[in-house]
Each structure stands twice: as structure tokens, then as C-alpha cells.
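Chains, contacts and geometry: an overview
Now for the letters of each chain:
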Amino acid sequence: MTERDDVLTAKLRGFGTTIFAEMSALAVETGAINLGQGFPDTDGPGEVLDTAVAAIRDGHNQYPPGPGIADLRCAVAEHQRRFYGLDLDPDRQVVITAGATEAIAGALLGMLDAGDEVVVFEPMYDSYAASIALADATAVPVLLAPDDDGTFVYDSNELRTAIGARTKILLLNTPHNPTGKVFGRAELEEIAALAIEHDLIVVTDEVYEHLTFDGNEHIPIATLPGMFERTLTISSGGKTFRTTGWKIGWMSGPDALVAAARTAKQFLTFVNGAPFQPAIAAGLRLGDDYFAELAGSLQTARDHLVDGLRGAGFTTYVPEATYFVTVDVRAVAAASGAPDTGLDFCRDLPHRCGVVAVPDEVFYARPEHGRHLVRFACCKQLDVIDAAAERLRGAFAAEVPA
Ligand SMILES: Cc1ncc(COP(=O)(O)O)c(C=O)c1O
């Protein structure tokens, strides 16, 4: 075949290889501690793992039904009722997907037409922009930026102005990656009122629903008055059961939204993860103590990482939830001579002190807003976090004025 520069579809030009691949390769090359990608370094609960092993042994190794096995769809419906009081018909209102990522792609590809607009808070999980582009639609970003207290907030006027005649979907992520923000009730009420006023569909990614700290409550927007009928809720077992490699996710909501997303989803993977589906069903039925302990232990890890980052001199934004802590590198860079943009800072960091993080600018439609921010993952064992903190303190603490 002749060399040509138009092989990649124009829709995906500019997406290239993700920064996670570059940073993980750098971690391997330098032997650095990898706090870049958000995956836990311990296995999930024994009951969940044992159920998957038994399912493989018991012959659950062929294509499962298109919408997912009935037991898992029932477990998702039970979970939504138990935690949020939402009533779902597991046959028509729940579909199992190849992770939340496929549910997001299915929703966007199944609902958007060329020229439609999606209002989305930035920074954002990187698959959103790619899925919107593949649908030939346009992302209209609304900025989340730290206020004086270090809490990430949006500007209501920017949100209002972002919604236009072509807006079809408002894409929400709460708890939010990478900022660790949990959208509060007043914010969700404002978003819901705008969705109703402009007749928008809300697609909400809630994969970190069980990873909230300090008593912050995760509120699914589907529970607000008038919202269930216009909301597609997406989640996954990866974060909640420390099984990110299994890629078992789901979407739930009113029949019409689920049907539209399912129509696209069936031509993406069709189905996946037969033996992992009963295992995630077992996980969703674990007792309240499991979910409380999960959030509690991650909060302890968050505290260790926040202390380490502050000790090293970083301006550190304490997350209300999720796997991630965001810092502003400028003070540390100015004092130590390290690069002061996130991208260069992260490329330099493994060589300087043996730690890998990721630059937040890759999560922005307008990268200039995230230029100085860097994300560290706290979903690691405490001794790993402490070792990384020690290296960061060793590299920077003496340089930064207290
Ligand atoms: C906000 C958000 N949504 C979705 C995903 C992906 O979920 P899954 O692995 O279930 O596809 C991630 C993973 O990091 C995420 O942070």
C-alpha cells in the first residue's frame, strides 16, 4: 500500500496515542513508581474473584445474552434500588456493557447525529471527546476550576451559554475524574433545571459512585424530580470491585434511552466477559460493610498522598472522591527549576525522582486551562504511596519555601 497521510479518519486526527501509554512506558523504562494510570495494585474481594473462577469452571465461557445475563441485570436493578431508591425493570431498563467506556460510546453513537452538540464539563475522562468526535458531533466544554478554597466549581453563566439550539446531550461525570469533585445537590438541581428547560438528555458517568470521602454523598442526577425519564446512568464494576481489567459495566434508565444506546452497543462488542458477569453480580450484592470499608481505606490512601504532596510543597486540591489527587506544579517548579507545565513536569519527574504522574491538560478541550495541573493516583497500597511521597519530598521539599 502506498504511503498516505489520510489513513486515520479525520474524526480522530489529533487523538494519537494516549499519554497513559507514554507515561507507563516511562515508568517501566526508569523503574519509577507509577501513580499515573488509575488502577488498584491489590485484588478485589475474594467472593467476587471466586465467583468468576467458579463460573469459568462451570462452563460460562460462551457468548452471554446481548443485554447481559439476567442475574447481573437484576443485581444492577437491586443496587440502584438499595442505594438510591430507583426502580428499574431489569429486562428493558438495564444493559451490561464492556466497561463504562462502551456504555459511553454506545450512548453517544446511539443518540447523536452529525452536528449535534454535547455540553460536557472539562477536564473530562479522555474517551468522551473521542466518542463525541466519532459521532460527528461537537463537544462544548464548561470549565471546572478551583475556587479560593480549592474546590472545583463551574460558572453558571458559562453553563447556560454553552447550551444552544444544537445541544442534545449534557454529559455529566460525578464523582469526577480527574478533579475528585462530587457534584452537590444544588449544582445537580441547577443542571437538572437546565436539562428540563432545554429538553436535553443527560448521560451521567458514575463509575466512582462508591468512592466518596469525608461523608460527601453521591447523588445520581436520575433521582432528582423530572430527571429519570431523560437520564441514562452509566457505571461499572472496575473501580468498585478493583477489577478494572474485567471491563464489566452497565447502563440504566428509561426504555427509550437504553434502547438507543443498546442499538449502537450491540455493534461495538456485542457482548463480553461471560464469567465475570455473575462475579460482578455477587459484588453488587455484598453487604454495606464492604462498600463502607472500600471508601474508608481509599480515604486513608488519599490522606497519605495529600500529606506527601503538601509536604513536597505542591498546591494540592483535596479530592472529595475518586482515585485521584490534582496538584498545581508552579510553586514547586519555580523553586526547584523543574519544568512548570504539567506535560514537561511529568516527562521530567521519573528521571528527577522516580515517580510517574499524568498531566491534566490531556483531559481538557482547551488545554491551556489545565496547563499547570498534574494528577497523581491514590488507589495504591499505602507503602507504595508513602515511598512515592518520600521521593517527592526528597526532590522538592527543601527547595520550596514553607
Ligand atoms: C470517569 C471514568 N469513566 C469511565 C472509566 C472507564 O471505566 P471502565 O473501565 O469500566 O470502562 C474511567 C476509568 O478510568 C473513568 O475514570
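Computed from a predicted structure; not experimentally measured.

Here we take up the packing of helix H1 (residues 19-30) against helix H13 (residues 342-353). Axis separation between H1 and H13 bottoms out at 10 Å; the angle between their running directions is 15 degrees. Here H13 runs roughly parallel to H1, going by the angle between their axes. Where H1 crosses over H13, the two elements pack in a sense that is right-handed. On the side of H1, the interface is formed by Met23, Leu26, Ala27 and Thr30, while H13 contributes Cys346, Pro350 and His351. Looking at the contact of H1 with H13 residue by residue, the class counts come to 5 nonpolar, 2 polar and no charged.

Attention now moves to the sheet that holds strand E10 (residues 248-252). One open sheet accounts for 7 strands, arranged E2-E10-E9-E8-E7-E3-E4; its pairing is mixed. Since the sheet does not close on itself, it has two edges, and those belong to strand E2 (94-98) and strand E4 (138-143), each with one partner. With direction set aside, neighbouring strand axes in the sheet form an average angle of 25 degrees. Of the strand pairs in this sheet, E2 and E10 are connected by 5 bridges, and their pairing is antiparallel. Residue valine 94 lies in a different strand from E10, and its bridge partner there is serine 252. Strands E2 and E10 of the sheet are contacted by helix H3 (residues 70-84), whose axis makes an angle of about 110 degrees with E2. Across the sheet, helix H9 (residues 255-265) touches E2, strand E8 (201-205), strand E9 (231-236) and E10, and the angle it forms with E2 is around 30 degrees.

With respect to burial, strand E3 (residues 117-122) is a largely interior element, 6 of its 6 residues being buried. The pairing of E3 with strand E7 (residues 167-173) spans 4 bridges and is parallel. Within the sheet, the bridge partner assigned to glutamate 117 lies in E7 and is threonine 167.

Take the pairing of E8 next. Two faces make up the sheet, and in a regular strand the side chains alternate between them. Counting buried positions over the 5 residues of E8 gives 5, a clear majority of the element. Pairing of E7 with E8 involves 5 bridges; the strand directions are parallel. Bridge assignment links asparagine 173 to a residue of E8, and that residue is aspartate 205. Tracing the backbone out of E7, into helix H7 (residues 185-197) and back to the parallel element E8 gives a crossover that is right-handed. In this sheet, E9 lies alongside E8 in parallel orientation, the contact comprising 4 bridges. When the bridges of E9 are listed, threonine 204 appears paired with threonine 233.

Turning our attention to the packing of H3 against helix H10 (residues 276-284). Running from amino to carboxyl end, H3 crosses H10 at an angle of 20 degrees, the nearest separation of the two axes being 8 Å. Overall, the two elements H3 and H10 adopt an arrangement that is roughly parallel. H10 is crossed by H3, and the crossing has left-handed handedness. Here Asp71, Leu72, Ala75, Val76 and His79 of H3 lie close against H10, whose contacting residues are Gln277, Pro278, Ile280, Ala281 and Leu284. Classifying every residue of the contact of H3 with H10 by side-chain character gives 7 nonpolar, 2 polar and 1 charged.

What the domain assignment lists for the chain is domain 1 (10-44 + 289-397) and domain 2 (49-286). Put simply, the middle of domain 1 and the middle of domain 2, counted by C-alpha atoms, are 25 Å apart. The partner domain 2 presents 35 residues to the 35 residues of domain 1 that form the contact. Every element with two or more residues in the side of domain 1 that touches domain 2 is listed here: helix H11 (288-311) and strand E12 (324-328). With 7 residues, H11 is the largest single contributor of residues to the side of domain 1 that touches domain 2. Split by residue class, the side of domain 1 that touches domain 2 holds 20 nonpolar, 8 polar and 7 charged.

Scoring rules and cut-offs
- Residues numbered from 1 in each chain as written.
- Predicted model: local features only at pLDDT ≥ 70, side-chain atom pairs only at ≥ 80, totals over all residues.
- Axes fitted to C-alpha atoms, helices over the stretch in contact; angles between N-to-C directions.
- Helix = DSSP H or I, 4+ residues; strand = E, 2+ residues; numbered from the N terminus.
- Parallel < 35°, antiparallel > 145°, perpendicular 65-115°, else oblique.
- Left-handed = near helix turned anticlockwise from the far one by under 90°.
- Contact = placed C-beta atoms within 7 Å.
- Nonpolar A, V, L, I, M, F, W, Y, C, P; charged D, E, K, R; others polar.
- Pairing = 2+ DSSP bridges.
- Buried ≥ 20, exposed ≤ 12 C-beta atoms within 10 Å, placed from the backbone.
- Right-handed = clockwise from strand over helix to strand, strands pointing away.
- Domains from an automatic or database assignment.

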